[in-house]
Amino acid sequence: MKKINFKYLLLILAMHFLFIQSIFSEIILDASDTSISMGDTTVLSLILKNEKTKDFSIEGIENFEILSRGQRKNTQIINGKMSSSVAYQYTILPKSTGSFDLKAVSKTTSSNNLRIDVSKTDNSNLNDGDKDFSIKSNLNKDTYYFGEKIVLDEHLITTVNLKNFGFTEPTSFKDFSQKDLTDKNFDAKYTRVNGKKAIDYTVYKGILEPLTSGRFTIPSRTFQVNLSEGDSFFSNTVSKFLQTQEKQLTVLELPPNKPKNFSGAVGELKIEAGYDKNSVSLGEAITLDVKIKGNGNTDPIEKIVASNIPNFKIYENIKNLNESILNDNYYSEKEFEVVFIPQNADKIKIPEIKIPYFNTKTKNYDFLVIPEAAVTVKSDGSAIDNNLNSNATLSNSSTNSFSNNKTSGNNYITISQIEPESNNKYDKVFNRRNFIILSAIALLSLAFNVAGVLIPAINKSKTNKISTDRKKIIKALKYENDLDKIFSYFNEGLKLKYGINIKSMSSYQIYSYFENYGFKTLEDSTSTVEKIISIKKELEAFKFLNKNSDMLNVKELIKNITQILS
């Protein structure tokens, strides 16, 4: 008798089970409406009959946004036979126009094919008279140059009271960086539509910056409004969906032949600038305050003075950057502080400074100009030397005068010899004085010796504490990613090591502080100060310019800070 191969038996039974299940199991796909417009929803029903698996997928569902989902089970017995079904319901909203085929697939079977047709609907106005609300998108223009910033605002206009509203997904735009300036409470104003009183809500206000030149589409987005069907607290809420308008725009490349030192600033810009003084002493600073403003992008301008100027050391600092939407146009202001330290005593000139930018009004490259300035630099060092020489001469002449008077026999004092009796009296007084003086010297010497032992011990204890605190800061920095906290740790570490608070100091003030600090070499001083200022500028740039902190190599930054604080 042959042995039964259980492997084959199990395989046959499994195939038989799958065959039976495929006969009696069924998946049905249906929709409440298969012909809809953009902004309309439909309810998609998926019914699994005698299908136990929950592992299924719906092909084509990626063309729709699932707003809600539900599930119910049903079991019934007819003529002694039991059947079961599970129904899944999805409220879906189309993402774009077109015809889309949907099909549910499980491991054992698949559903019927369901086609949903989506047509385009214009919800941009209320002129039909039967619409209670609409949404409208606005661009300040449709053609830009690369580097310009774009203003997009979107408004919900309603003639009925709404329970609440908002975009169904977070706002993001492919091919653009964005800064969202939308008021969380939504700016609102009264208006009229076909004679009816209405409310205009600003539901989005943002600044977009294209990443490249070319032709772009700002896609339509889904906006949900919820209405109450009655005045009661328990009234049902009805959801309606609107689509924002697609917007086409063109971003042009900048013309060739860019001027030297062109940074990428684009727009209609103006400049305000002024020197704080025109006469200084050698080593004293002259400060140039600069404000660049207008309907343009000032982000790329990092420096005012692009190259070295003879006879001056130059330090620059970005003081402030503000950007906003003014009269539906992008507006920015950027402030700089430029410090000039003259190196020679003379009448010297700070030459004309030209900052290139692309003028979108004239469609040509242009310059923001700071006129040249004449500066008188006085040599205080020479004046001090002269004063010292003059004092020395005066001292010599006094001596000579005294000597001359003595030699000539006029008005000089003659000291007569003291008698021996008087001499003994003065000797006693002299000896008493000497004793007092010597005793005082001995006491002072003892005090200095004691201080020499105690003070280093105190200083050592204090130094050890400061060193320990710095180590704690360095340890905390290793696990920190927040740029504000990193800057605070950096500043606290500098306070402990150098006694300086750099948060509100300009680059020039930092340089001035360290000039008299007492580094071993000039190279040590310059290297340390430049690193401190470089880190400060880098952190401030990410704060003022709202740049993405992911662009910053935080590990490298912390490494540099640790080197300075160690």
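Residues numbered from 1 in each chain as written. Predicted model: local features only at pLDDT ≥ 70, side-chain atom pairs only at ≥ 80, totals over all residues. Heavy atoms only, no water.

1. What about the overall build of the chain?
Then step 1. For the chain, the helix and strand inventory stands at seven helices and 28 strands.
Then step 2. Counting the 566 residues in the chain, one finds 33% classified as buried.
Then step 3. Sequence separation of at least 24 residues holds for 66% of the intrachain contacts in the chain that already meet a minimum separation of 6.
Then step 4. When the accessible surface of the chain is totalled, it reaches about 35800 Å², and 51% of it is carbon and sulfur. (Helix = DSSP H or I, 4+ residues; strand = E, 2+ residues; numbered from the N terminus. Buried < 20%, exposed > 50% of the residue type's maximum accessible area, 1.4 Å probe, protein only. Contact = heavy atoms within 4.5 Å. Areas by Shrake-Rupley, 256 points an atom, 1.4 Å probe, with all protein chains shown as cover.)

2. Quick word on unusual backbone geometry
Then step 1. The backbone of asparagine 194 shows a phi angle near 50°, a positive value even though the residue is not glycine.
Then step 2. Along the chain, asparagine 194 turns up in the loop between strand E14 (187–193) and strand E15 (196–210).
Then step 3. A residue is classified by how much of its surface remains accessible, and asparagine 194, at 52% relative accessible area, is exposed.

3. Looking at the sheet that holds strand E21 (residues 279–281)
Then step 1. Judged by pairing direction, the sheet is mixed, and its three strands sit side by side in the order E21-E28-E25 without closing on themselves. The strands lining the two open edges of the sheet, one partner per strand, are E21 and strand E25 (347–350). Shown here is a sheet whose adjacent strand axes are inclined to one another by a mean of 35°, direction ignored.
Then step 2. Bridge count for E21 against strand E28 (residues 373–378) is three bridges, and the pairing is parallel. Within E28, the residue paired with serine 279 across the bridge is threonine 376. (Pairing = 2+ DSSP bridges. Axes fitted to C-alpha atoms, helices over the stretch in contact; angles between N-to-C directions.)

4. A look at the packing of aromatic side chains
Then step 1. Considering all chains together, one arrives at twelve aromatic pairs under this definition.
Then step 2. The side chain of lysine 197 reaches across the aromatic face of tyrosine 190, ending 4.5 Å from its centre.
Then step 3. Looking at arginine 221, its charged tip hangs above the ring of phenylalanine 167, at a distance of 4.2 Å from the centre. (Phe/Tyr/Trp six-rings, centres within 6.5 Å; stacked < 30°, edge-to-face > 60°. Lys NZ or Arg CZ within 6 Å of the ring centre and 35° of its normal.)

5. Description of the packing of helix H4 (residues 483–498) against helix H7 (residues 554–565)
Then step 1. Running from N to C, H4 and H7 point in directions that differ by 10°, and their axes come no closer than 10 Å. When the interaxial angle is binned, H4 and H7 end up roughly parallel. Seen from H4, the contacting residues are Leu483, Ile486, Tyr489, Phe490, Gly493, Leu494, Lys497 and Tyr498; seen from H7, they are Val554, Leu557, Ile558, Ile561, Ile564 and Leu565.
Then step 2. In terms of residue class, the contact of H4 with H7 is built from twelve nonpolar, one polar and one charged. (Parallel < 35°, antiparallel > 145°, perpendicular 65-115°, else oblique. Nonpolar A, V, L, I, M, F, W, Y, C, P; charged D, E, K, R; others polar.)

6. Brief notes about the sheet that holds strand E2 (residues 35–37)
Then step 1. Strands sit in the order E2-E8-E7-E4 across an open sheet of four strands; the sheet is mixed. Both outer strands of the open sheet, E2 and strand E4 (56–59), are each paired with one neighbouring strand and no more. Adjacent strand axes in the sheet meet at a mean angle of 25° when their direction is disregarded.
Then step 2. Note that strand E7 (residues 98–106) and strand E8 (residues 114–119) share five bridges and pair antiparallel. Bridge assignment links aspartate 101 to a residue of E8, and that residue is arginine 115.

7. Some points on the pairing of E7
Then step 1. Where E4 meets E7, four bridges bridge the pair, whose relative direction is antiparallel. Across the sheet, residue glutamate 59 finds its bridge partner in E7, namely lysine 103.

8. Quick word on the pattern of salt bridges
Two side chains bearing opposite charge may form a pair once their charged atoms approach each other closely.
Then step 1. For the structure on display, the rule yields 14 salt bridges.
Then step 2. Among the salt bridges present, the one from glutamate 154 reaches arginine 221, with a minimum N-O distance of 2.0 Å. In this pair, glutamate 154 is assigned in strand E11 (residues 150–158) and arginine 221 in the loop between strand E16 (214–218) and strand E17 (222–228), connecting sequence segments 67 residues apart. Neither glutamate 154 nor arginine 221 differs from the other in exposure class; each is buried.
Then step 3. A salt bridge links aspartate 276 to lysine 277; its shortest N-O distance comes to 3.0 Å.
Then step 4. Residue class for aspartate 276 comes out partly exposed when judged on its relative accessible area of 42%.
Then step 5. What makes lysine 277 partly exposed here is its relative accessible area of 28%. (Salt bridge = Lys/Arg side-chain N within 4 Å of Asp/Glu carboxyl O.)

9. Here's the deal with the nonpolar core
Then step 1. In this structure, Ile486, Phe490, Leu494, Ile500, Ile502, Ile510 and Ile561 are the most contacted members of the largest nonpolar core, which totals 30 residues.
Then step 2. Breaking this core down by element, the ones donating at least two residues are strand E24 (329–342), helix H3 (420–477), H4, helix H5 (507–515), helix H6 (522–544) and H7.
Then step 3. Ignoring any residue separated from it by four or fewer positions in sequence, one finds isoleucine 502 in contact with Phe487, Phe490, Asn491, Leu494, Ile510, Ile532 and Lys536.
Then step 4. Grouped together as the second largest cluster of nonpolar side chains are 25 residues, Leu288, Ile292, Phe336 and Ile370 included. (Core = buried A, V, L, I, M, F, W, Y, C linked by side-chain atoms within 4.5 Å.)

10. Observations concerning H4
Then step 1. Taking 1.5 Å of rise per residue, 16 residues should cover 22 Å, and H4 covers 22 Å from first to last C-alpha, within 8% of that figure.
Then step 2. Taken as a whole, H4 has its buried residues at Leu483, Ile486, Phe487, Phe490, Asn491, Gly493, Leu494 and Tyr498. The buried side chains of H4 occupy one side of the element, clustering within an arc of 160° when seen end-on.
Then step 3. Residue aspartate 482 occupies the N-cap position of H4, its side-chain oxygen lying 3.1 Å from the main-chain nitrogen of aspartate 484.
Then step 4. Glycine 499 sits one or two positions beyond H4 and adopts a positive phi of about 70°. (Expected span 1.5 Å × (residues − 1). Arc of directions from axis to C-beta. Polar contact = N/O pair within 3.5 Å; in protein donor to acceptor, adjacent residues only side chain to side chain.)

11. Thoughts on the environment of asparagine 261
Then step 1. Within the secondary structure, asparagine 261 sits in the loop between strand E19 (247–252) and strand E20 (266–275).
Then step 2. Classification of asparagine 261 as partly exposed rests on a relative accessible area of 46%.
Then step 3. Considering only alpha carbons, one finds asparagine 261 and tyrosine 357, 96 residues apart in sequence, at a separation of 9.5 Å.
Then step 4. Excluding anything up to four places from it in sequence, asparagine 261 contacts Ala306 and Pro356.

12. Here's the deal with the confidence of the model for the chain
Then step 1. Of all residues in the chain, 69% attain a pLDDT of 70 or more, and the chain-wide mean is 77.
Then step 2. Predicted confidence is poor over residues 381–430, with pLDDT under 50, and the contacts of this stretch with residues over four places away or in other chains come to four contacts.
Then step 3. Note on residues 545–549: pLDDT is under 50 here. Beyond four places in sequence and across chains, it has twelve contacts. (pLDDT = per-residue confidence, 0-100.)

13. Here we look at H7
Then step 1. Across its twelve residues, H7 extends 16 Å between first and last C-alpha, which sits within 8% of the 16 Å expected from 1.5 Å per residue.
Then step 2. Buried residues of H7: Val554, Leu557, Ile558, Ile561, Ile564 and Leu565, and no others. The arc that holds every buried residue of H7, seen down its axis, measures 120°, which confines them to one face.

14. A closer look at the environment of isoleucine 533
Then step 1. Following the sequence through the fold, isoleucine 533 ends up in helix H6.
Then step 2. For isoleucine 533, a relative accessible area of 7% puts it in the buried group.
Then step 3. Note: C-alpha distance between isoleucine 533 and asparagine 317 (216 residues apart in sequence) is 9.4 Å.

15. Overview of the pairing of E8
Then step 1. Side chains Leu114, Ile116 and Val118 of E8 all project onto a buried face; the interleaved residues Arg115, Asp117 and Ser119 project onto a face where none is buried.
Then step 2. Sheet topology note: the E2/E8 ladder contains three bridges and is parallel. Its bridge partner being in E8, serine 37 is matched across the sheet by serine 119.

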